[in-house]
Amino acid sequence: MATKAVLDILQGMLVSFGTSMATATREEQRSWWREDAAWRADDLDWRGEEKAVYEAESDCRQRLRKWHQEDIDQMNLENSRVLWLRFLEKNRRDVEEKTEQLKAISSISALFGLCATVTLTQLSLDKEGEPSAPTGLIALYALTTALVEGLMVVSMVTCALLLGIILKIGKTFVSEREEQDFMAACLRFCALYQRGDRPPQPRKSFEAFWAARCEGSWQLAFQCCCLGVTAFLISMIAVGSYVQWAWGAYWRSSRQASENGGVQYSRSASLSSRALFLASSRRSLPAASAQPPGGFAGLPFDWHTAPHHLPI
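All chains use their own residue numbering, which begins from 1 and follows the written sequence. At least 70 in pLDDT is required for a residue's local features to be given in this predicted model, at least 80 for side-chain atom pairs to be given and counted, and no such filter applies to totals for whole chains, interfaces and linings, which use all residues. No hydrogens and no water enter the side-chain calculation; it runs on all heavy atoms of the structure.

**Q** Explain the pattern of salt bridges residue by residue, including any values.
**A** What makes a salt bridge here is a side-chain nitrogen of Lys or Arg within 4 Å of a carboxyl oxygen of Asp or Glu, nothing more. This model, assessed by the stated rule, comprises 13 salt bridges. With a shortest N-O distance of 3.2 Å, Arg30 and Glu27 are connected by a salt bridge. Placement of both Arg30 and Glu27 in helix H1 (residues 2-122) is noted, with a separation of three residues, approximately one turn of the helix. Only protein chains enter the accessibility calculation, which uses a 1.4 Å probe; a residue is then buried when its area is under 20% of its type maximum, exposed when over 50%, and partly exposed in between. The exposure class assigned to Glu27 is partly exposed, which follows from its relative accessible area of 41%. In this structure, the salt-bridge partner of Lys204 is Glu178, at a minimum N-O distance of 3.5 Å. Residue Lys204 is located in the loop between helix H3 (176-191) and helix H4 (206-247), and its partner Glu178 is located in helix H3; the two are separated by 26 residues in the primary sequence. Here Glu178 falls in the buried class, since its relative accessible area comes to 9%. Only DSSP runs of H or I reaching four residues or more are called helices, and only runs of E reaching two or more are called strands; each is numbered from the N terminus.

Here you go:
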């Protein structure tokens, strides 16, 4: 009986010890779970902060991309503006060049026409007491004077009309509408650019207008001026011949000098006219036919090469 009581006491002690140990273990596990929960909460907070940082960095990268694209668009706009200013300056120079040419030819035509008129009014071929001039000489003088008057009037009026046309039409090629269309075409060219493409050109230009509408009239006016000058010198030769015939050999040297001067001037006028027409023909060639010597560099705006004609 005593042994059984001892065993019961020992068994109770062991059970109570096991219970206390289990309780301590569970308490320790609960503390671990609480620490793990706190750590997980801290981890979640840190991950939330990390996510916010990532979102801020992503937003910053998006803004940088946006700013970079806006910078590229602004650079393309500035390049388009520079290209437009190049065409604007070329158009202005072309208008000034043609204006000076027309003014010069018109002034020369008016001067020679006035000289022919003054000569016609001041020269008398039927004075009393002087022999009558030969009919052929009078006919030559009358014909050349009429040619001078007609050709110079045609040249002067044509140049004056062309001058009024180009002064009125020249500014339409650089209007705000043309600038807007050209800038839109350049931006579309930048958006659809492929390697080897060339920047566009304005739809209309003064050079093309002059070649299509005014070049023929300008050549006519210039030829009339050259022929009128030649006819004027021939009329002066006729006057010199009459003076030699009427007054004797005293005026022979003057007639010969006039003849030589008229022939030389006619020849030089013909050569200069031909050279001017050839130069005009070369200028009328489209600039798009020029190819860069080293091939395409692949840049949207190559300022050192000639742009091609592209549809707008």
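**Q** Outline the nonpolar core, supporting the account with residue identities and numerical values.
**A** When a protein is soluble and globular, its nonpolar side chains tend to lie buried together. Leu102, Phe206, Trp210 and Trp218 are the most contacted members of the largest nonpolar core, which has 25 residues in total. Listing elements by their share of this core, those giving two or more residues are H1, helix H2 (135-169) and H4. For this core, the element with the highest residue contribution is H4, accounting for 13 residues. As used in this record, nonpolar core signifies buried Ala, Val, Leu, Ile, Met, Phe, Trp, Tyr and Cys residues forming a set joined through side-chain atoms within 4.5 Å.

**Q** For the packing of H1 against H3, give the residues involved together with the corresponding values.
**A** Where helices are involved, their axes are fitted lines through C-alpha atoms of the stretch in contact, as for all axes, and angles between N-to-C directions lie from 0 to 180°. Running from amino to carboxyl end, H1 crosses H3 at an angle of 135°, the nearest separation of the two axes being 10 Å. Here H1 lies oblique to H3, going by the angle between them. Relative to H3, the crossing made by H1 is right-handed. Between H1 and H3, the contacting residues are Asn76, Leu77, Ser80, Arg81, Leu83, Trp84 and Phe87 on the first element and Glu178, Glu179, Phe182, Met183, Cys186, Leu187 and Cys190 on the second. Across the contact of H1 with H3, the residue classes break down as nine nonpolar, two polar and three charged. Geometric relationships in this document are graded by angle, where less than 35 degrees denotes roughly parallel, more than 145 denotes roughly antiparallel, 65 to 115 denotes roughly perpendicular, and other angles denote oblique. Should the near helix be turned counterclockwise from the far one by less than a right angle, the crossing is left-handed, whereas a clockwise turn marks it as right-handed. Whether two residues are in contact is decided by their heavy atoms: any pair within 4.5 Å suffices. Charged residues are taken to be Asp, Glu, Lys and Arg, nonpolar residues to be Ala, Val, Leu, Ile, Met, Phe, Trp, Tyr, Cys and Pro, and polar residues to be all remaining types, Gly included.

**Q** Please give an account of the packing of H1 against H2 that cites residues and values.
**A** Between H1 and H2, whose axes approach to 8 Å, the crossing angle comes to 155°. One way to sum up the angle between H1 and H2 is to call them roughly antiparallel. Considering only the axes of H1 and H2, their crossing is left-handed. Along the lines of polarity and charge, the residues of the contact of H1 with H2 split into 16 nonpolar, eight polar and three charged.

**Q** Mind laying out the confidence of the model for the chain, listing which residues take part and the relevant values?
**A** For the chain, per-residue confidence averages 77 on the pLDDT scale, and residues scoring 70 or more make up 74% of the total. A score between 0 and 100, pLDDT records how confident the predictor is in each residue. At the low end of the mean pLDDT range in the chain sits helix H5 (residues 252-283), at 53; at the high end sits H2, at 88. Contacts of residues 284-298 to residues separated by more than four positions or lying in other chains number 23 contacts, the stretch itself having pLDDT below 50.

**Q** Go over the packing of aromatic side chains, please, and point to the residues and values.
**A** Aromatic rings from Phe, Tyr and Trp, with only the six-membered ring used for Trp, were paired whenever their centres fell within 6.5 Å, and each pair was classed as stacked if the ring planes differed by under 30 degrees, edge-to-face if by over 60, and tilted otherwise. This model, assessed by the stated rule, comprises nine aromatic pairs. Ring centres of Phe112 and Phe232 lie 5.3 Å apart, and the angle between their planes is 80°; this geometry places the pair in the edge-to-face category. Note that Phe112 is positioned in helix H1 and Phe232 in helix H4, a separation of 120 residues in sequence. With respect to burial, Phe112 and Phe232 carry one shared label: buried. When the centroid spacing of 6.5 Å and the interplanar angle of 40° are considered together, the rings of Phe206 and Phe209 count as tilted. Of this pair, Phe206 and Phe209 both sit in helix H4, separated by three residues, roughly a single helical turn. A single burial state applies to Phe206 and to Phe209, both of which are buried. Taken together, the ring pairs in this structure connect Phe173, Phe206, Phe209 and Trp210 into an aromatic cluster.

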